[in-house]
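Chain by chain, the residues:
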Amino acid sequence: MPSPISTDVLIVGAGVAGLWLNARLRRQGFSTVVVENASLGGGQSVKSQGIIHGGAKYALHGALTGASEAIADMPRRWREALAGSGELDLTGVRLLSDAHYLWSPGTLAGNLTSFFASKAVRGRVDQVKGEQLPPALQDKRFKGKVYRLAELVVDVPSLIQRLAELGGDSLLAGQVIEPWLEHNVLVGLRVDGREIRAQRIVLSAGAGTAELLTALGQSKPLMQRRPLHMVLVKGPTLKPLYAHCLGGGPKPRITVTTHPAADGQWVWYVGGDLAEAEGVAREPAAQIAAAQKELGQLLPWVDLSDARWATLRVDRAEPQQSGLSRPDNAFLAEEGRLLVGWPTKLALAPDFADRVINALQRDGIVANPPTPLPELPRPPLGVPAWEQLLP
Ligand SMILES: Cc1cc2nc3c(=O)[nH]c(=O)nc-3n(C[C@H](O)[C@H](O)[C@H](O)COP(=O)(O)OP(=O)(O)OC[C@H]3O[C@@H](n4cnc5c(N)ncnc54)[C@H](O)[C@@H]3O)c2cc1C
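Definitions and limits used
In this convention, every chain numbers its residues from 1, walking through the sequence in written order. In keeping with the predicted nature of the model, local features appear solely for residues at pLDDT of at least 70, side-chain atom pairs appear and are counted solely at 80 or more, and the whole-chain, interface and lining totals rest on all residues. Derived side-chain values reflect all non-hydrogen atoms in the structure, with water molecules and hydrogen atoms excluded from consideration. Boundaries between domains were set according to an automatic or database domain assignment. Throughout, a contact is declared for two residues whenever any of their heavy atoms are within 4.5 Å. By definition, the buried area sums, over both parts, the 1.4 Å-probe accessible area that each loses when the two are put together. The working definition used for a salt bridge is a side-chain nitrogen of Lys or Arg within 4 Å of a carboxyl oxygen of Asp or Glu. Any pair of N or O atoms that falls within 3.5 Å is considered a polar contact. Within protein, one atom must be able to donate a hydrogen and the other to accept it, and sequence-neighbouring residues count only if both atoms are side-chain atoms. Basically, the charged four are Asp, Glu, Lys and Arg, the nonpolar ten are Ala, Val, Leu, Ile, Met, Phe, Trp, Tyr, Cys and Pro, and anything else, Gly included, counts as polar. For two strands to pair, DSSP has to find at least two bridges joining them. Helix and strand assignments follow DSSP, with helices taken as H or I runs no shorter than four residues and strands as E runs no shorter than two, numbered in order from the N terminus. Axis lines are fitted through C-alpha atoms, for helices just across the contact stretch, and the angle between N-to-C directions can take any value from 0 to 180 degrees. Working definition: a ring pair exists when centres of Phe, Tyr or Trp rings (six-membered ring for Trp) sit within 6.5 Å. Plane angles under 30 degrees give stacked, over 60 give edge-to-face, the rest tilted. Here's how the labels work: a residue is buried when its accessible area is under 20% of the maximum for its type, exposed when over 50%, partly exposed in between, all with a 1.4 Å probe on protein chains only. Our definition puts a charge over a ring when NZ of Lys or CZ of Arg is within 6 Å of the ring centre and also within 35 degrees of the ring normal. Any angle that is under 35 degrees is reported as roughly parallel, and any over 145 degrees as roughly antiparallel; angles of 65 to 115 degrees are reported as roughly perpendicular and all others as oblique. Any residue with a non-hydrogen atom lying within 4 Å of a molecule or strand is treated as near it. Areas reported here follow the Shrake-Rupley algorithm with a probe of radius 1.4 Å; residue values treat only the protein chains shown as occluding.

1. Quick notes on the domain arrangement of the chain
Stage number 1. Segmentation of the chain into domains returns domain 1 (5-45 + 159-222 + 322-383) and domain 2 (91-152 + 225-316).
Stage number 2. A C-alpha centroid distance of 33 Å is found between domain 1 and domain 2.
Stage number 3. Domain 1 puts four residues into the contact, and the matching count from domain 2 is five residues.
Stage number 4. Both faces considered, domain 1 and domain 2 share a buried interface measuring about 410 Å² in area, 59% of it formed by carbon and sulfur atoms.
Stage number 5. The largest contributions to the domain 1 side of the interface with domain 2 come from Gln44, Arg162 and Ala207, which together make up 76% of the buried area.
Stage number 6. Across the domain 1-domain 2 interface, the total number found is zero salt bridges.
Stage number 7. On the surface where domain 1 and domain 2 come into contact, there are one residue pair in polar contact (both at pLDDT 80 or more).
Stage number 8. Of the residues belonging to the side of domain 1 that touches domain 2, the class tally is two nonpolar, one polar and one charged.

2. Examining the sheet that holds strand S13 (residues 223-235)
Stage number 1. With respect to topology, eight strands assemble into an open sheet ordered S6-S7-S5-S14-S15-S16-S13-S17, the strand pairing being mixed. Of all the strands in the sheet, just strand S6 (125-128) and strand S17 (308-319) have a single pairing partner and so form its edges. Across the sheet, the mean angle separating the axes of adjacent strands is 25° when strand polarity is ignored.
Stage number 2. Examined bridge by bridge, S13 and strand S16 (residues 266-271) share five bridges and lie antiparallel to one another. Its bridge partner being in S16, Gly235 is matched across the sheet by Trp266.
Stage number 3. Contacting strand S5 (100-104), S13, strand S14 (243-245), strand S15 (254-260), S16 and S17, helix H8 (residues 284-298) crosses the sheet at an angle of about 100° to S17.

3. A word on the pairing of strand S18 (residues 331-335)
Stage number 1. In this structure, S18 lies alongside strand S19 (residues 338-342), joined through five bridges in antiparallel fashion. The partner of Glu335 across the bridge, within S19, is Leu338.
Stage number 2. Linkage of S18 to S19, two consecutive antiparallel strands, is achieved through a turn of two residues, within which Gly336 is found at a positive phi near 60°.

4. A short note on the packing of aromatic side chains
Stage number 1. Summed over the entire model, instances satisfying the criterion amount to four aromatic pairs.
Stage number 2. Arranged with centres 4.7 Å apart and planes meeting at 45°, the rings of Trp20 and Trp78 form a pair that is tilted. In this pair, Trp20 is assigned in helix H1 (residues 16-27) and Trp78 in helix H3 (residues 74-82), connecting sequence segments 58 residues apart.
Stage number 3. Accessibility expressed as a relative area gives 0% for Trp20, which makes it buried.
Stage number 4. According to the relative accessible area criterion, Trp78 is buried, its value standing at 0%.
Stage number 5. Look at Phe331 and Trp342: their rings are 5.9 Å apart centre to centre, the planes differ by 40°, and that puts the pair in the tilted class. Linking Phe331 in strand S18 with Trp342 in strand S19, this pair joins segments that are eleven residues apart in sequence.
Stage number 6. Using a relative accessible area of 28% as the deciding quantity, one classes Phe331 as partly exposed.
Stage number 7. The positively charged end of Arg197 is found above the aromatic ring belonging to Trp180, 5.1 Å away from the centroid.

5. Thoughts on the packing of H3 against helix H9 (residues 349-362)
Stage number 1. It is at 9 Å that the axes of H3 and H9 come closest, and there the two elements cross at 90°. Relative to H9, the element H3 is oriented roughly perpendicular. For the pair formed by H3 and H9, the contact residues are Met74, Arg77 and Trp78 on the first element and Pro350, Asp351 and Asp354 on the second.
Stage number 2. A per-class count over the contact of H3 with H9 returns three nonpolar, no polar and three charged.

6. A look at the sheet that holds strand S8 (residues 152-154)
Stage number 1. The strand order S3-S8-S4 describes an open sheet built from three strands, whose pairing is antiparallel. Every other strand in the sheet has two partners, leaving strand S3 (51-52) and strand S4 (95-97) as the edge strands with one partner each.
Stage number 2. By the bridge criterion, two bridges tie S3 to S8 in an arrangement that is antiparallel. Note on S8: the bridge partner recorded for Ile51 is Val153.
Stage number 3. H3 contacts S3, S4 and S8 of the sheet and is inclined by roughly 50° relative to S8.

7. Re the site of the ligand
Stage number 1. By nearness alone, 36 residues border the ligand, and Glu36, Gln44, Ser45, Ile51 and Ala347 come closest of all.
Stage number 2. Backbone polar atom of Gly50 to an oxygen atom of the ligand: 3.3 Å apart, as the coordinates give it.
Stage number 3. Out of a free accessible area of 1,000 Å², the ligand has 93% covered by protein chains.
Stage number 4. Mapped by element, the contributors of at least two residues to the shell around the ligand are H1, strand S2 (32-36), S13 and S17.
Stage number 5. Taken together, the residues that form the shell around the ligand break down as 17 nonpolar, 15 polar and four charged.
Stage number 6. Counting residues domain by domain, the shell around the ligand receives three or more from each of domain 1 (5-45 + 159-222 + 322-383) and domain 2 (91-152 + 225-316).

This is the structure:
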């Protein structure tokens, strides 16, 4: 029987939400344990594109309602953390791009004029030309307009690695999670038979949260999954591109981010409308053909003849929403000692942590004198999709 543990906060799920929260809590002196049943960040987090949105994409379809939305402040908070002067010390995390770009292929000028004049966007977007263009767009055949957004793109594998370092000895590989009740009140969890008592239990298990809630005898909050069918392209001729290509509709036609593979080549990771409903319905070969057609039309000067292609199906896990979602805040629900939520965006991990920390403060939860943890079996780091699919 593994030795029991008593901790201030027990977190289940070591994606960006659980790991960011864990690092914040430890910095504030709380004792924590984070249970992960697969790999650190290996759920949605290392499969994400790493864009730290400030809300400009939502402003495109009028869903960003004002500066009070948490997302507007995210690029600043991440920049400070990456510089080592923010709420966490994320020095050493690789910044892939200091900006994300909006790129219109040339036929949408009218549409864009009103968008760029709108209040939500003013001051956050500058047009760029010539040498300021992203390297992949620097070609004399390129005709569109490009705007620089004050949003950054981070290398998520190095982010997860750093957050895991900040988690110290608190990370626990665990499979079977059962409630630990005293007088019918949840006081902790049994993880692979080990009793872990905690002042608060946070479920940040992404797509695994619904099943965990069932195991704990809870039916709420309800969650939804929104599937994506992403495309990966790896090739010796690719140059960096971090951009939403506008297609006139509410969603970018494609969103391209560029990631370094272990062998030194670049991988384009392509999402946006291409990866949504119609793309989800396509078989992988048809999805690759659709991506080849899109990239061939939009970037005809890029030689993709030696490129290798793959697709990745992955669900976004979020609280269930009716109608138009509110994409610009993290979500947290509470039931006694149990706190359950989803950041809804990688960028909103700081907002998710704020919500938990505010709930602890409101309830007068303070750090107990720390007791040393036994040595715990540690979960491995999640492997990026391109290393698995295009080694
Ligand atoms: C293709 C794609 C691209 C995206 N791009 C962006 C982007 O550019 N910018 C952005 O801001 N957001 C983006 N997102 C959204 C973002 O990835 C997610 O909102 C975020 O990563 C969610 O983090 P999380 O920690 O809640 O979940 P996850 O990263 O999924 O982590 C949950 C963890 O819980 C673990 N777990 C599950 N069940 C259990 C259990 N029973 N016991 C223990 N552990 C368990 C899982 O193994 C996993 O490690 C993207 C999402 C997708 C799918």
